[in-house]
Structure formats: structure tokens, C-alpha cells
Amino acid sequence: MMYRFRFLFLTACMLGAAAQAVSIFQTADASTQATPSKSNLKSTGTTKSDSPAQLATANSKTRVKATSAGWVKLAGGETAAVVRFEIENGWHMYWQNPGDSGAPPLAQLSAIQGWNLLEPIFPRPSILKTVDDTEFVYNNSWEWLLPIEGPAGVSPPACSFDLSWMVCKENCEIGRGRVEFAAATGDIPSVGAVRLGRSLATLGATATFNSNDQAITISGDAGKTANATSKNSSATTAQFIPAVMPGVSLQSTGPFPATVANEKFTLNIPIEIQPQNALGKPLVFKGVLLYGQSDSDRCEIIRLPLNIKVSQP
Amino acid sequence: MKHSRFTALLTSSALLFGAATFAMADDTKKDKKHDKAADTTDTKAKHVKVGEQVPNFTMTDVNGKTMQFSDFSGKTVVMEWVNPGCPVCAGITKAGLVTKMIADAKVIDPNVVFVMVNSTGDTANDPKATATYLADNKVVANAAVIDGSGVIGKMFDAKTTPSMFVIDSKGTLVYSGAFDNSSDRGTTPGKTNYVLNTLTQLKAGEKVSPSEVKSYGCGVHYAKKQNG
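Residues numbered from 1 in each chain as written. Chains lettered and ligands numbered in written order. Predicted model: local features only at pLDDT ≥ 70, side-chain atom pairs only at ≥ 80, totals over all residues.

**As for unusual backbone geometry**
Reasoning step 1: Omega for the peptide link from A:Gly254 to A:Pro255 comes to 0 degrees, which places this bond in the cis form.
Reasoning step 2: Residue position: A:Pro255 is located in the loop between β16 (248–250) and β17 (256–257).
Reasoning step 3: Put simply, B:Ser209 and B:Pro210 share a cis peptide bond, and its omega is 0 degrees.
Reasoning step 4: Tracing the backbone through its elements, the reader meets B:Pro210 in the loop between α8 (194–203) and β9 (212–213).
Reasoning step 5: For A:Leu279, which is not a glycine, the phi torsion comes out positive at approximately 55 degrees.
Reasoning step 6: Within the element layout of this structure, A:Leu279 appears in the loop between β19 (264–273) and β20 (284–291).
Reasoning step 7: Although it is not a glycine, B:Asp157 sits at a positive phi angle of roughly 60 degrees. (Helix = DSSP H or I, 4+ residues; strand = E, 2+ residues; numbered from the N terminus.)

**So, the nonpolar core**
Reasoning step 1: Of all hydrophobic cores here, the largest spans 119 residues; its most connected members are A:Ala81, A:Val83, A:Phe85, A:Met93, B:Val78, B:Val145 and B:Met164.
Reasoning step 2: Looking at this core, the element that brings in the most residues is strand β11 (residues 159–168) of chain A, giving 7 residues.
Reasoning step 3: With residues near it in sequence (within four places) discarded, A:Phe85 still touches A:Val64, A:Ala66, A:Met93, A:Tyr138, A:Ser141, A:Trp142 and A:Trp144. (Core = buried A, V, L, I, M, F, W, Y, C linked by C-beta atoms within 7 Å. Buried ≥ 20, exposed ≤ 12 C-beta atoms within 10 Å, placed from the backbone. Contact = placed C-beta atoms within 7 Å.)

**Digging into the sheet that holds β17(A)**
Residues and elements named next belong to chain A.
Reasoning step 1: Taken together, 4 strands build an open sheet; the order of strands is β17-β15-β20-β21 and the sheet is antiparallel. Two strands close off the open sheet at either side, each with one partner strand: β17 and β21 (299–305).
Reasoning step 2: Relative to β21, β20 is paired through 7 bridges, and the arrangement is antiparallel. If you follow Val288 over to β21, its bridge partner there is Ile301. (Pairing = 2+ DSSP bridges.)

Below, the structure written as C-alpha cells:
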């Protein structure tokens, strides 16, 4: 039996180049500090977010500076706080699925009655390949969206996020910090506008699960996979990187390259369904389809419910 | 000299294993399969998957003592990949979670064997560091193994520290993956320790579930050149 779905969420992953859009994000006053230990989380005062160089680093071992980059509106109407990470040269942080090793950053919203942190949105990662491992990472700087929900029609109040992250080079370190956000006031820029300003038109593609072959097939128009920013748009490549999928096993960490023929690209990814490893969650095939090779190229989030009952075999 | 000592060890291990096998003669076909596997020393870097038999392999501990995996035949074996330099691994160890896991595991299965393995290229060849790390954190394992070549780590496809592997008494890999279901890389202990969960299910004769959970932690960082 075949299941067909449209791709979901075109917005989030296009924030891969969001670092370039800081001037759009920085509409709200914000203060922040990056500290290496939980015990040193108390803010030392207000620092303009457009002056990250002024941020105090409490410990020379801190490889990451986390700063506020204001608020943005998501396509669904939610408001998200934008945390900008600046990473020491040579070090990297991790995407939601770190790959063979690592761990993504974590965020906790300060206790504000009626407001909750929704699932963080990660921009397009880079692929870091070594002899033994494949990791999905961020280098230099990147921006992380933390959507929050609260009472209808009310703008987000001043709040803060306690963050922790793993940052690695040859070795790894755990960093912690608190980023404070001023209340969202005035017009909040739309993240969609940012995205449309740097991407091609929306690409149509489909993902199907063939239960007989136990494989996922993703196909789309190869012509539209061209590099979104390059004038020489001969690049017609796409590759898929998987999210963490409990109960769905792949043959490798990825990425899975597409084959391109007759102006169509196709990805065929064998999967093994392991309901006993689903940890009680619905079986979902998910990840990101990356177009082109550049970090600033477009990408799409894929989420394909497998409609298989999760129970003991 | 070294060679003859190794041969003697191998011979005595084989004899011990033979005796253990004889004592379990009324067991099933799977036992015979395990015996066969244990009789064959195979140090090729083959990935063992959950549900497969673990072939025999040679280990060298922090004191330079050589042993065979088959030395633990008939017992459930828990292998943990460690790296003193990894903050995640060190975090759960210094918090006492590894010590607690071992203690709790012994309650479930008094014969369970714990093998700590360091496959990290830059520290695995410094046995003292691993020995000190385990001793300082009161981690008492049956063996603390130095796998500088990465042969054992790659055989199990260990990717992170920590990574946990449970091999049942028949020699089948029954669990591979995370230490626990911590939502913050082990800073806050998860409610479910997957090793204890596996041991409990093995004791009850149940199918192990989950049998594979994505592990969290630092990369193992194998040595650039592998000898095996």
C-alpha cells in the first residue's frame, strides 16, 4: 500500500543562512551572556545584541557565545525567539540529529505563566565527514529559533532561555548560558519574508513509503534543486539527512544522495521498521532534504508518518 | 616469551571455556552456536548487529593482561565505551550513575559482567588514565579494556562515549545504544537506564525492548591508523 504526502514545513530549514539576516532580526532590545557553568547564570546587565563582541565571556574555555537576535514571526503565526550562536573557529555545534556522535543544544524557557516553549527549529546544517563518522553540524555562527506559545493575541513578554550545548573539535565541551529577550513590541519581522528573499520558488516534491519494499522514495523536479544562490545553477543535486527516528532504522547515518534523471531527482532509502525501538512514539520518517551544496541553499523538512501501529511484534 | 605466555593464556581460556561448555551440555542449539563462535578468535572489524552472535575477540586490560571475550561465556556481558576526556561520559560517571547501574545490575543478575572499553585514539594508549578515571569514580568493573587500535570498538560499531552494549549469556548482542533516556545528555538522569531495562527483560525471559536506542555523547575518536 502506498502512502503519499506533500512535504511539510518549507520555512524552517531555510534559516541556514539566517546569520546573514541578523539586521532583520535585531529589532528588539536584548541582553545576554554566555557562561560555562550553571552556577554563573545570573545576568550581569544589558548588552545590546548588535554588539556581540562586547559580550563578556566568563571563562576562556567557552567556545560559544549565545546572544539574542530578537523575535520573528513564523509562517504558522507563532512567535519565535532567535538565539544567535557564534562558535570559536574550528569548533562545531550540532543539528537536531547530531549524526554518529554529538548532541544538539537544549533550551529551557524561564518560568513565565501561560507561556511554553515549543519544539525548537534548526536551520540547515553542514555535513562533517571524517574517516569514521558523519556528523550534522554548525560552524562559525548560526541562528536557532525557539517558538513560544502563550495567550492568544498577546505578544511575548520579556523572558529568558537557559541554554546548554555541546561544542566539539578534537574533544568536546559542554557550555551553558542564559539569553534574555526584551518583550516583543512593534512589528515583528516575518521569518517567511526572510526566507523568500533568499530562496527559489517553492518546490513541489513527494515522499512515499512502500511497505512491500520497506523503502522510502522521495522524488521531485531536479531543475528546481539548483543552487538557490549561485548564478551558475547547473547544480542539480539533492541529498537527504535523517532526523532521529526511533523505531526506524537506516543502513547508514547518511546523507543519502539523490539520483537525477529526466529532470527528476529520486531518493530511494531502504528502511527497517523496528516497532520495539519506537519508545512508544508514532513511527515517522523525517529529516531534511538539502538542495545544492552550499549552506545557504534551500532545504525542506520531510515528515512522513508511516501509519504502522507501534506495539510489541 | 610473550608469545608463549599468550599461548598459555589462550590454552587455559580454552580449557576453562571447554569445562564451562561441558557443564552446560543440556542447553540448546543456540548454546552450540555460541560455543562455535567462542572457539573462533575473530578480530576482524566486523560490525555486530543486534540479534547476531558476538564472535570471540581478544582484549587487553589496563594492566596489560590479555583475555578473551569467551572467558565470560555463559554470562551476560555489559560493555560500556568510556573516555575520561568526554564531558558527557565523565558527567554520568562522576555523578555516580555508572556505579549505581553496576550495583543495580548485580541485584538483577549477580553474574553479570561489566567491561569498560576505551577506544579513543589519543587516550586509549594511556592505560593509567583510564584506570585512574575508573578508580577515582569508584567504577568497579570485571575488566577495563584498552582498545587503542579500535578493533573492538569498530566491531561493535561504537560511535559515542558512553555507548552501551549488552550480550546475553548465549553470546547474542541484545542491546546497543544509549545509557539512558536522559533528555539532556545525562545531566539529569533518565528515568530508564536501558542496560537495567535489558537485564530485567532477560531475567524475565522477555524479548528485549528497546533493543536499539540512539546513543548520545562525544565521538569515540578512533586512532587515525588502525592496526587491525
